[in-house]
Amino acid sequence: MITPSCDSPPAPLALRLAITAACNLHCIYCSPESAPSSSPRYDRISLHELLWFVRSAQRFAPVQKVHLTGGEPLLRKGLPAFVHALAATGVPDIALTTNGQRLATLAATLAHAGLRRINVSLDTLRPHVYSRITRGAQLQPVLDGIAAARAAGLSVKLNMVVLRGWNDDELPSLARFALDHGCHIRFLELMPIGCARPLFLSAYLPAALIAAALSAHFSLTPLPSTPACHQRFLLSNGCRTQCTAGIIASVSQPFCTGCRRLRLTAGGALLGCLARPHALDLLPHLRARNVDGLHLALCAALQHKRHDSSFDQPVSMVSIGG
């Protein structure tokens, strides 16, 4: 058994919980084309076990943030009650990432349950491009979901995965959409993870070119950041309308120094780094409510951070949770 050493006192953690393996989309950079049709399926970890995981992690180190992912988290039954229970743990920042397809019907309920922030995947504003990227889905439900989330008082952040030759000509359009609709926005470099590795060879666009394309149309004022944080800007159109914008340069400008993010997949695997294949099986600890075993696993996962810019992750994003 590995007996790793840990920080003393431990620095705060950011946890990303994939609360379901199911997804109702098959995006080209996330899900293999051969993946089965994604109606909600059996999830190996119960919401009670996930809540125990968060509370036990709080005994190991301060938990600064819990970010709910999937699959598609809005497919998980009992989600509002789970968000309410998470809020009761005292975690100061609870967020959720969604493809937005079911957001219009759930936004108000989630806000009432205690959710304050939501990230919505929006790679394009053109319906035919959206259908190509998602392999057949419709764009309008996502736009309706964003409007419903704003109406419910949620802080909305848009996530755009930038794909050369697919949507890179829409960078200004997505930025204007964020400005016009009171949203924040993040532009993500494509990562060579799992099924996205072949696509990466033709569609990758580095952060420097993303920033250059935005700077041609908007004012970008850098915001303070830490070594473990992506680039952040105040984006303005010169008409006193502004929003925060981020560029996630996971490939060209990794921000790994001091990273304390840990990912728990819907299958019960704990990952210390998105770019590394090392995974620890937490299911035995979750089933047995083994706090000591869990804390050892957290220590080990934190030691599996990458120390260079390379990617070595054969598992597709839909199975990791982002």
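Residues numbered from 1 in each chain as written. Predicted model: local features only at pLDDT ≥ 70, side-chain atom pairs only at ≥ 80, totals over all residues. Heavy atoms only, no water.

Visitor: Go over the pattern of salt bridges with me, naming the residues and quoting the values.
Guide: Counted according to the given criterion, the structure contains 5 salt bridges. The partner of Arg 76 in a salt bridge is Asp 43, with the nearest N and O atoms 3.8 Å apart. In this pair, Arg 76 sits in the loop between β2 (63–69) and α2 (79–88) while Asp 43 sits in the loop between β1 (13–18) and α1 (47–60), placing the two residues 33 residues apart along the sequence. Like Asp 43, Arg 76 is buried. (Salt bridge = Lys/Arg side-chain N within 4 Å of Asp/Glu carboxyl O. Helix = DSSP H or I, 4+ residues; strand = E, 2+ residues; numbered from the N terminus. Buried < 20%, exposed > 50% of the residue type's maximum accessible area, 1.4 Å probe, protein only.)

Visitor: Break down the pairing of strand β6 (residues 184–189) for me, with residues and values.
Guide: In terms of residue burial, β6 counts as a mostly covered element, since 5 of its 6 residues are buried. In the sheet, strand β5 (residues 155–162) pairs with β6 via 6 bridges, with the strands oriented parallel. Bridged to Val 162 within β6 is Glu 189. With respect to chirality, the unit in which β5 leads through helix α6 (residues 171–180) into the neighbouring parallel β6 is right-handed. (Pairing = 2+ DSSP bridges. Right-handed = clockwise from strand over helix to strand, strands pointing away.)

Visitor: Kindly report on the pairing of strand β8 (residues 231–236), identifying the contributing residues and their values.
Guide: Sheet topology note: the strand β7 (residues 219–222)/β8 ladder contains 4 bridges and is antiparallel. In the strand pairing of β8, Leu 220 is matched with Leu 235. Judged from the 6 bridges that link them, β8 and strand β9 (residues 242–248) form a sheet pairing that is antiparallel. Counterpart to Ser 236 in the pairing with β9 is Gln 242. In textbook terms, the turn of a hairpin is the stretch between consecutive antiparallel strands, and for β8 and β9 this stretch comprises 5 residues, one of which, Gly 238, has a positive phi near 85 degrees.

Visitor: Describe in detail α6, supporting the description with residues and values.
Guide: Note that an α-helix has 3.6 residues per turn; residues three or four places apart therefore point the same way. Most of α6 sits inside the fold, with 7 of its 10 residues counted as buried. Within α6, the full set of buried residues consists of Leu 171, Pro 172, Leu 174, Ala 175, Phe 177, Ala 178 and Leu 179. At the exit of α6 stands Gly 182, carrying a positive phi of roughly 65 degrees.

Visitor: Provide a residue-level description of the side chain of Thr 124, including the pertinent values.
Guide: Checked against the element boundaries, Thr 124 lands in the loop between β4 (117–121) and α4 (127–134). For Thr 124, the side chain forms a polar contact with the main-chain nitrogen of Arg 126, separated by 2.9 Å. In terms of polar contacts, Thr 124 uses its side chain to reach the side chain of Glu 170, at 2.4 Å. In contact with Thr 124, other than residues within four places in its own chain, are Val 129, Tyr 130, Ile 133, Leu 139, Glu 170 and Leu 174. (Polar contact = N/O pair within 3.5 Å; in protein donor to acceptor, adjacent residues only side chain to side chain. Contact = heavy atoms within 4.5 Å.)

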